[in-house]
Amino acid sequence: QVQLVESGGGLVQGGGSLRLSCAASGLTFSRYAMGWFRQVPGKEREFVARVSRNGVSTYYAGSVKGRFTISRDNAKSTVYMQMNSLQPENTDVYYCAADDSLLVGRTRISEYRYWGQGTQVTVYS
């Protein structure tokens, strides 16, 4: 049974930082590209970032490029997202997801096979 478990969310003041983690189990982690998405209740889930299977290639949504950094540790079956210079508009539930494709730049929800339950990030001004 595949499980993706996010952690690291919380309450942070604007301008602050958070580091999200997503621990995977039940799958061969190194065979999956990993992504982070965000969702505000009532709105469609949006792509944030993606990292390739070996961690060499990354891809970001324009709104977070330069502030967020996605990385992974295949030995720990964990993907991370460092979020800096957070703003209130970054308040969302953040989800990690796994995609077994080798293609770069996949951003659609339907392209990801497995999903975590999400972690809440709240940024106050």
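Predicted, not measured: the structure shown is a model, and the values here were computed from it.

J.: Which parts of the structure should I look at to understand the state of the cysteines?
T.: Chemically, a disulfide is nothing more than a covalent bond linking the sulfur atoms of two cysteines. Evaluation of the coordinates by the stated rule reveals 1 disulfide. With a sulfur-sulfur separation of 1.9 Å, Cys 22 is cross-linked through a disulfide to Cys 96. On the S-S bond that ties Cys 22 to Cys 96, the torsion sits near 45 degrees, and the link is right-handed. You can see Cys 22 sitting in strand E3 (residues 18-25) and its partner Cys 96 sitting in strand E9 (residues 92-99), a full 74 residues away along the chain.

J.: Any chance you could explain the pairing of E9 here in plain terms?
T.: Looking along a regular strand, one sees side chains alternate from face to face of the sheet. For E9, a buried count of 8 out of 8 residues is recorded, marking the element as mostly surrounded by other parts of the structure. On E9, burial covers both faces: Asp 92, Tyr 94, Cys 96 and Ala 98 on one face and Val 93, Tyr 95, Ala 97 and Asp 99 on the other are all buried. Bridging between E9 and strand E11 (residues 119-124) involves 3 bridges; their strand directions are antiparallel. The residue of E11 that forms the bridge with Val 93 is Gln 120. Pairing of E9 with strand E10 (residues 114-115), which is carried by 2 bridges, proceeds in the antiparallel orientation. Note that in E10 the partner of Ala 98 across the bridge is Tyr 114.

Cut-offs and rules
- Residues numbered from 1 in each chain as written.
- Predicted model: local features only at pLDDT ≥ 70, side-chain atom pairs only at ≥ 80, totals over all residues.
- Heavy atoms only, no water.
- Disulfide = S-S within 2.5 Å.
- Helix = DSSP H or I, 4+ residues; strand = E, 2+ residues; numbered from the N terminus.
- Buried < 20%, exposed > 50% of the residue type's maximum accessible area, 1.4 Å probe, protein only.
- Pairing = 2+ DSSP bridges.

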